[in-house]
Amino acid sequence: MTRAPDLVLVDGSSYLYRAFHALPAFSTTRGEPTGAMLGVLNMMNKFMKDYAPKRVALVFDASGRTFRDDIFNEYKAHRTPMPDDLRAQIEPLFTILRAQGYPVLRMEGVEADDVIGTLACRAARSGQQVLISTADKDMAQLVDGSITLINTMSNTVLDRAGVKAKFDVYPEQIIDYLALVGDSSDNIPGIEKVGPKTAAKLLGQYGTLDELIAHVNEVPGKVGENLRAGLETLELSRKLARIHTDLDLPVDIGDLTLREPDVNALRELYTRYELRSLLRALEGNTPPGGAPTGGGTTVTPAAGGALPLFELSPPTSGPQSGTASSAARASGTAVEAAVARESGAASPQAVAGTAAQPAVERHYETITEWSQLERWIEKLRNAELFAFDSQTIGPDYMQAEIVGVAFATEPGVAAYVPLQHEYAGAPAQLDRARVLAALKPLLEDPERPKAGNDLKYDAHVLLRYDIHLAGMRYDTMLESYVWNSVATKHDLDSNAGRYLGVRTILLEDIAGKGAKQLPFNQIAVEQAAEYSQQHVDIVLRLHRMLWSQLQTVPEQARLYEEVEQPLVPVLVRMEQCGVLVDRELLKKQSGELSARLEEIRAAACKEAGYDLNMESPKQLQHVLFDKLQLPVLRKTPSGQPSTAEDVLEELAVSYTLPRLILDYRGMAKLKSTYTDKLPDQINPRTKRIHTSYRQAIAATGRLSSADPNLQNIPIRTAEGRRIRQAFIAPPGYLLLAADYSQIELRIMAHLSGDEGLMRAFAEDLDVHEATAAEVFGVPLESVTADQRRLAKTINFGLIYGMSAFGVARNLGIERGVAAKYVETYFARYPGVKSFMDRTRAQARELGYVETVFGRRLYLPDIRAGNAQLRQYAERAAINAPMQGTAADIIKRAMIEVDAWLLREDVPARLIMQVHDELVFEVRQDAVEDVKAPIAERMVGAAELKVPLRIELGVGANWDEAH
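Computed from a prediction, not measured in an experiment: that's the story for all the values here. (Residues numbered from 1 in each chain as written. Predicted model: local features only at pLDDT ≥ 70, side-chain atom pairs only at ≥ 80, totals over all residues. Heavy atoms only, no water.)

Visitor: Give a description of the overall build of the protein chain that names residues and reports values.
Guide: Along the backbone of the protein chain there are 38 helices and 22 strands. Going through the 962 residues of the protein chain one by one, you find that 54% of them count as buried. Once local pairs closer than 6 in sequence are excluded, the contacts in the protein chain between residues at least 24 apart make up 69%. Total accessible area on the protein chain stands at roughly 41,100 Å², and carbon and sulfur atoms take up 49% of it. (Helix = DSSP H or I, 4+ residues; strand = E, 2+ residues; numbered from the N terminus. Buried < 20%, exposed > 50% of the residue type's maximum accessible area, 1.4 Å probe, protein only. Contact = heavy atoms within 4.5 Å. Areas by Shrake-Rupley, 256 points an atom, 1.4 Å probe, with all protein chains shown as cover.)

Structure, rendered in C-alpha cells:
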C-alpha cells in the first residue's frame, strides 16, 4: 500500500484470541481476567500509531449461529467453546473501545469476515484504499488493487503478489483453493489428499474450480478419484469458504470515523479494571491511537452489558447517519472536501481535484421589489447562460404549483423570487402571475440557453402557467449521467458532493422529513431563499466542471448533445399527453383477480394441509421446508431457507405448492400495482395516466418508467395482456405499436461480425430456428419447437452473459448437456465467442465498455477480488454494449419520429415507450399513412451491419396493437 489507508478494518475476533493466548492470565485484585483486554488495546494503540488511517472499525463475531451453520451443521463443530475467562472480558473490552472512540461492529447471523468483506468492497468500489488487519487466510480472497491484508504479529503484508507468493494462487482463486484444501479449524470438508500444493497446481492448470469440475475426468490417479468422489461436497465447501460482500448493513463507510475519546469514561474504566499503563498514558495526554484528548459525553454500557445488533461508537455531536452527506452535516464544513472521495465510484474517468475547489464569493439576493426583478431580467438577457429552477408544492408534475423561482448568471451570483409562501407572518411577495409573465419571453426563447438540474420537471410545471420552456441546453443531471452512469446518484446533492466536494443544503434540513415535512410554501422565505439560491449556483458550477470533462471525450459530448438533451422535450410532450385507460375495465379486472387469488390460496391451503397466509414468508418457509421437506436450494444471509422467486421457479418444476405461490404473488402484484392503483392515478383534469420517464436511472442508458411504471406490465401472461386491454385509444383513434424485432441479437451480430448470425439476419431467417439448425445439425425446416426454444434460451442467455450452468438451470437440463450445447453454439458462431473474450479483456483493461454510439458503461467490479462480483461484472460487460446500444437507438428514433410528427403536423402522437417498443395514438383515417414513415425513421436511427426490422401492430387497445 503506497499511501495511508483510507479505511482500516480490524478483525477484532482474531485480535481477541491472539491476545488471550499470547499474554499471561492477568487479572484485577478482585480476580477479574484482563489479559485479553490489555492485549487488544495495546495492539490497537500500536497499529493506529503505525498506520494513522482516515477511518477505522473493529469487527467482532456475534454469538450464536450463522447462515454457515445452517448450510452445514458440522461447521466449526470441532472448535472448543470460548473459555469463560475470555468471555468475561468481551463486554468490558467493547465498552473501553467505544469510549476510546472506535466504531465497534457486530452483526447477528453472519461472521465478522462477511461484515469486513462487505465494507472493504464497498470502500474499494468508491476508490478508497483499504487495509484489513487479520491473520485469517480466508480474507486473501478479498485482496485486489485497493484491498491489502496485514498480519501485525508476523508483520506480513499481502497484496496481490503477496497472495500469489504465499498460496501460489491469485486472490480470485482463493475461494476455489479453500474449497479444495478444506479448513480443519472451520471443519470445511475439502477433498481428501488435496493439499495446498496440489490445489495450487490444479488451479494453475484449469484456472477455476468450475473448469476443473468440467474436466474432472482428465485428472489422473488418486487425486482424480477423490475429486470425482467429492464433487457433491465441493460446492458446499465453496459456499462455506466464500466471504459475503453484499450484506445489507445499517452502517456506511462515512460512519467509521475515530471519535474524540471520552476521557472521563476512560479514566473510570482504566481504574475499574486496573489497566495502569493505559491510565498513565491517559493522564499524560497521550491517548490510544494518537487521537486528541478532550471532553465528550459519558459512555455508558448498554443495558445488561449487551451490545445492540450492530454497535457503533456514538458521535460526540450531531446526528449519526449512513450517508456521506449526512456525516458532513454532523461534522460541518470540515468534511465537505472529503465527500467526493467518500462517495465516488472508482473509474478511469474520475474527476481529479474535486476536494480542492476554490471558494466562491456569494452574492445572493432575495427579490421582493419589482425594481429588483427588472434589474435581474436585464441581467438574464445579457447572460450567455443562466441557471433556472422552480420551487413547487405537490409531488405530481401535472398538478404542482409554483411557490418561487430562482436563477443564477455566474457562480456565486444568484437570486430567489418568493411568490406563494403562505405561513403566518410571511413577508409581502410579488404577484406570481405578473412575475411569470415577465419571465415568459426569456424562458420561451430557444436561442437563450438555460442550465438546470432535471429541467424536464421545470418544463412540466411551467406549462401549467402557459410557459413553454425552451433552450434547455445543459442539464447537470444528464451531464453527470452521460459522464459516468454508475459513479453516483445524479441528483444535485450527490453530484455536488462528488464533483465539487460541497455539502448542499438539503430539503429535509429546512422542511423536515417524513410525514411531518413542511410543504415548500410553509418554509420561511429566508431559508427557502438560501436553499434555492445555492441550488442554482451549484448548477452553474457543476455544469462548468461536468461539461469540461465531457468535452475531453468527444463521443460522450456528442451523446449528450445529440441524444440525451434533445430527448427532454420529446419526453415532456409524451408525459403531458399521457395514455387513456378504461377505469371500469380495470375495476372489473380487480374483482376477477381477487376471485382468482382466493382460488389459488384455497388450492395452496389444501396442498399445505392447513390455512396458509400467502403473505407470510415465515409460514411459507415452514410449510415448504419443514412440513413438506422440499429441498433447500438457497439460504438468506440470516440462514433461513430462501423463498425468492428464482428458488421457487426451480422448485415449481417438481412440486405443486411453489407454483401456486408464484402464481399468487404474480397476480397479487398485478392487482395491487395496476388494477387497484391505476384508476387512482388518472389525472382529474386530463382523465389520463401520466407516467414519468426517467433518463438518469438505468446504468445502460435505458429509460425507466415510474408513477406508474408502465414498462413492467407482463405480455407473456394472460392476466398481463388483459391489463394492457385497459390501455385504450380515444374515440376516432387507434393505437399503433412499433417494436424493434430482436434488436439486441442484431446488435450482437453487428458488434461480433459473426458471419453466421449476420447471414441469418440478412436473409430474414427466424434467428432462433437458424441457431437451432446450427446447434443440432439439422436442416432449417426440420427444427422442432423444443429445439427452437432451447436455441432461443441460448441466444438470449449469452447476450446476458449466462454460463452453461445458467442455461442448464433455465432449461431444466443437465449442466454437461448445456455445456455441450454452448460449446457447439460457439463452434458455429465463433465471432460471438471472440467478441465476448475481446469485450471482457477490454473491460478489465479500461474499466468500461462502450455502445456503438460511444456511451461508456463503467464496471467498478470488473477487477474485484471477489469472484462473484467480478463474474457479475463480466456478464454485464457482455450485455451492456447491446442493451445500451438498443437504448441509444430507440432514443434516437424517438427524437426523429417526434420531429417528423411536429414538422408535418401528423394526426398522431407518441404516448409510450416500453423498452424496444413505441406506442402511438393515431387518427383512424391516418393509420395506413403513418406506418411506413414511422418504421422508416425507426430503422434509420442506426446503420448496423445487419438490417433493423420493425414489427407494427394496430388495435383499439394496447393488447390488440401488439
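Visitor: Give a detailed account of the sheet that holds strand 11 (residues 450–452), specifying residues and quantitative values.
Guide: Read across the sheet, six strands follow the order 7-10-9-8-11-12 without closing on themselves; strand pairing throughout is mixed. A single partner strand is all that each edge strand has here, and the edge strands are strand 7 (363–366) and strand 12 (472–475). Ignoring which end each strand starts from, the neighbouring axes of this sheet average 25° apart. Note: strand 8 (residues 386–393) against strand 9 (residues 401–410), seven bridges, orientation antiparallel. Residue pairing across strands places Asp 389 opposite Ala 406, the latter belonging to strand 9. Packed on one face of the sheet, helix 22 (residues 525–550) meets strand 7, strand 8, strand 9, strand 10 (413–418), strand 11 and strand 12 and runs near 45° to strand 9. (Pairing = 2+ DSSP bridges. Axes fitted to C-alpha atoms, helices over the stretch in contact; angles between N-to-C directions.)

Visitor: Explain unusual backbone geometry to me, and be specific about the residues and the numbers.
Guide: In this model, Asp 707 is joined to Pro 708 through a cis peptide bond whose omega is 0°. Backbone geometry at Gln 629 places phi at a positive 55°, although glycine is not the residue there. Structurally, the position occupied by Gln 629 is in the loop between helix 25 (617–627) and helix 26 (645–652). Unusually for a residue other than glycine, Gln 742 sits at a positive phi of about 45°. Here Gln 742 shows up in the loop between strand 17 (733–740) and helix 29 (743–752). Gln 742 gets classed as partly exposed once you look at its relative accessible area, which sits at 22%.

Visitor: Account for empty space enclosed by the protein, with residues named and values stated.
Guide: It is a probe the size of a water molecule, rolled over the atoms, that shows where empty space is left. Taken as a whole and judged by the stated rule, the model has three cavities of 30 Å³ or more. Roughly 60 Å³ of internal volume is contained in the second largest cavity. Lining the second largest cavity are Gly 701, Arg 702, Leu 703, Gln 883, Ala 886, Ala 887, Ile 890, Lys 891, Gln 913, His 915 and Asp 916. Broken down by element, the residue count for the lining of the second largest cavity peaks at five residues, all from helix 36 (residues 867–903). For the lining of the second largest cavity, the per-class residue count stands at four nonpolar, four polar and three charged. (1 Å grid on protein atoms, 1.4 Å probe; cavity = no way out; pocket = protein on both sides within 12 Å on 5 of 7 lines; lining within 4 Å. Points joined across faces, edges and corners; volume = space filled by probe spheres on them. Nonpolar A, V, L, I, M, F, W, Y, C, P; charged D, E, K, R; others polar.)

Visitor: Help me get a handle on the pairing of strand 9, residues and values and all.
Guide: For strand 9, a buried count of eight out of 10 residues is recorded, marking the element as mostly surrounded by other parts of the structure. Sheet topology note: the strand 9/strand 10 ladder contains six bridges and is antiparallel. Residue Ala 408 lies in a different strand from strand 10, and its bridge partner there is Ala 414. Hairpin connection between strand 9 and strand 10: a loop of two residues separates the two successive antiparallel strands, and Gly 412 in this loop has a positive phi of roughly 90°.

Visitor: Lay out the environment of Leu 798 in plain terms, naming residues and giving numbers.
Guide: Tracing the backbone shows Leu 798 in helix 32 (residues 785–799). A residue is classified by how much of its surface remains accessible, and Leu 798, at 3% relative accessible area, is buried. The contact partners of Leu 798, leaving out residues within four places of it in the chain, are Thr 793, Val 822, Tyr 825, Phe 826, Met 836 and Ile 878.

Visitor: I'd like to hear about the nonpolar core, residue by residue, with values.
Guide: Formed by 112 residues in total, the largest nonpolar core has its most connected members in Phe 727, Tyr 740 and Phe 920. Broken down by element, the residue count for this core peaks at 11 residues, all from helix 36. Discounting chain neighbours no more than four positions away, the residues touching Phe 727 are Val 579, Leu 580, Val 581, Leu 678, Leu 710, Ile 713, Leu 735, Met 912, Asn 957 and Trp 958. By size, the runner-up hydrophobic cluster in this structure holds 74 residues, among which are Trp 370, Leu 442, Val 482 and Ile 505. (Core = buried A, V, L, I, M, F, W, Y, C linked by side-chain atoms within 4.5 Å.)

Visitor: Would you mind going over the environment of Met 894 in detail, with residue names and values included?
Guide: As for its placement among the helices and strands, Met 894 is situated in helix 36. Here the alpha-carbon distance between Met 894 and Ala 941, two residues 47 residues apart in the chain, equals 8.9 Å. If we skip the residues at most four places from it in the chain, Met 894 touches Leu 567, Val 570, Leu 571, Met 574, Leu 703, Leu 910, Gln 913 and Leu 918.

Visitor: Describe helix 10 (residues 221–229), naming the residues involved and giving the relevant values.
Guide: Those residues of helix 10 not exposed but buried are Gly 224, Asn 226 and Leu 227. All buried residues of helix 10 fall inside an arc of 165° around its axis, so they share one side. Opposite the packed face of helix 10, turned more than 90 degrees from it, sit the exposed residues Lys 222 and Ala 229. Elements that come into contact with the buried residues of helix 10 comprise helix 7 (174–181), helix 8 (196–206), helix 9 (209–214) and helix 11 (231–241). (Arc of directions from axis to C-beta.)

Visitor: I'd like a rundown of the sheet that holds strand 1 (residues 7–11), residues and numbers included.
Guide: Hydrogen bonds along the backbone pair up the strands of a sheet, which may run parallel or antiparallel. A sheet is described by the order of its strands in space; here six strands give the open sequence 3-2-1-4-5-6, paired in mixed fashion. Looking at which strands have only one partner, the edges of the open sheet turn out to be strand 3 (104–106) and strand 6 (156–158). Neighbouring strand axes in the sheet, compared pairwise and without regard to direction, differ in orientation by 25° on average. Pairing of strand 1 with strand 2 (residues 55–60) involves five bridges; the strand directions are parallel. From the neighbouring strand, Leu 9 faces strand 2, where its bridge partner is Ala 57. Across the sheet, helix 2 (residues 35–51) is in contact with strand 1, strand 2, strand 4 (130–133) and strand 5 (147–151); its angle to strand 4 comes to roughly 155°. Along the sheet, helix 4 (residues 84–100) contacts strand 2 and strand 3; its crossing angle with strand 3, the most-contacted strand, is approximately 135°.

Visitor: Just give me the short version of the packing of helix 23 (residues 554–577) against helix 36, but keep the residues and values in it.
Guide: The contact between helix 23 and helix 36 brings their axes to 9 Å, and the two run at 55°. Compared by their axis directions, helix 23 and helix 36 come out oblique. Classified by chirality, the crossing of helix 36 by helix 23 is left-handed. Residues Leu 559, Glu 562, Val 563, Glu 564, Pro 566, Leu 567, Val 570, Leu 571, Arg 573 and Met 574 of helix 23 touch helix 36, and the partners they reach there are Asp 888, Lys 891, Arg 892, Met 894, Ile 895, Asp 898 and Leu 902. (Parallel < 35°, antiparallel > 145°, perpendicular 65-115°, else oblique. Left-handed = near helix turned anticlockwise from the far one by under 90°.)

Visitor: Please set out the pattern of salt bridges residue by residue, giving values where relevant.
Guide: On inspection of all chains with the given rule, the structure shows 46 salt bridges. A salt bridge links Arg 238 to Asp 210; its shortest N-O distance comes to 2.8 Å. Placement of Arg 238 in helix 11 and of Asp 210 in helix 9 is noted, with a sequence separation of 28 residues between them. Note that Asp 663 is salt-bridged to Arg 659, the shortest N-O span being 3.6 Å. Here Asp 663 pairs with Arg 659, and both are found in helix 27 (residues 656–675), just four residues apart, close to one helical turn. (Salt bridge = Lys/Arg side-chain N within 4 Å of Asp/Glu carboxyl O.)

Visitor: How would you summarise the confidence of the model for the protein chain if you had to cite specific residues and measurements?
Guide: Across the protein chain, pLDDT averages 85, with 89% of residues at or above 70. Here residues 285–357 scores under 50 on pLDDT; set against residues more than four positions off or in separate chains, the count is 159 contacts. (pLDDT = per-residue confidence, 0-100.)

Visitor: Hey, could you go over the packing of aromatic side chains for me, with residue numbers and the actual values?
Guide: One pass over the structure, following the stated rule, counts 12 aromatic pairs. An aromatic cluster is built from Tyr 474, Trp 547 and Tyr 560, whose rings are joined through pairwise contacts. Over the aromatic face of Trp 370 sits the side chain of Arg 434, whose NZ or CZ is 3.6 Å from the ring centroid. Directly above the aromatic system of Trp 958 lies the positively charged group of Arg 724, at a separation of 4.0 Å from the ring centroid. (Phe/Tyr/Trp six-rings, centres within 6.5 Å; stacked < 30°, edge-to-face > 60°. Lys NZ or Arg CZ within 6 Å of the ring centre and 35° of its normal.)

Visitor: Can you lay out the side chain of Gln 391 for me, pointing to particular residues and giving the numbers?
Guide: As for its position among the elements, Gln 391 is in strand 8. Given a relative accessible area of 7%, Gln 391 falls into the buried group. Separated by 3.2 Å, the side chains of Gln 391 and Ser 532 make a polar contact. Excluding anything up to four places from it in sequence, Gln 391 contacts Glu 401, Ile 402, Val 403, Gly 404, Tyr 416, Phe 520, Tyr 531 and Ser 532. (Polar contact = N/O pair within 3.5 Å; in protein donor to acceptor, adjacent residues only side chain to side chain.)

Visitor: So what's going on with the environment of Thr 643? Which residues, and what values?
Guide: Mapping Thr 643 onto the fold places it in the loop between helix 25 and helix 26. Given a relative accessible area of 11%, Thr 643 falls into the buried group. Sequence separation of Thr 643 and Gln 621 is 22 residues, and the distance between their C-alpha atoms is 6.9 Å. What Thr 643 contacts, discounting residues up to four positions off in sequence, is Leu 620, Gln 621, Leu 624, Phe 625, Leu 648 and Arg 665.

Visitor: Explain the packing of helix 16 (residues 370–382) against helix 17 (residues 432–444) to me, and be specific about the residues and the numbers.
Guide: Closest axis-to-axis distance for the helix 16/helix 17 pair is 11 Å, and the angle between their directions is 10°. Looking at the two axes, helix 16 sits roughly parallel to helix 17. When the axes of helix 16 and helix 17 are compared, the crossing they make is right-handed. Of helix 17, the residues touching helix 16 (which contributes Trp 370, Leu 373, Ile 377, Leu 380 and Arg 381) are Arg 434, Val 435, Ala 438, Leu 439 and Leu 442. Of the residues that constitute the contact of helix 16 with helix 17, the class distribution is eight nonpolar, no polar and two charged.

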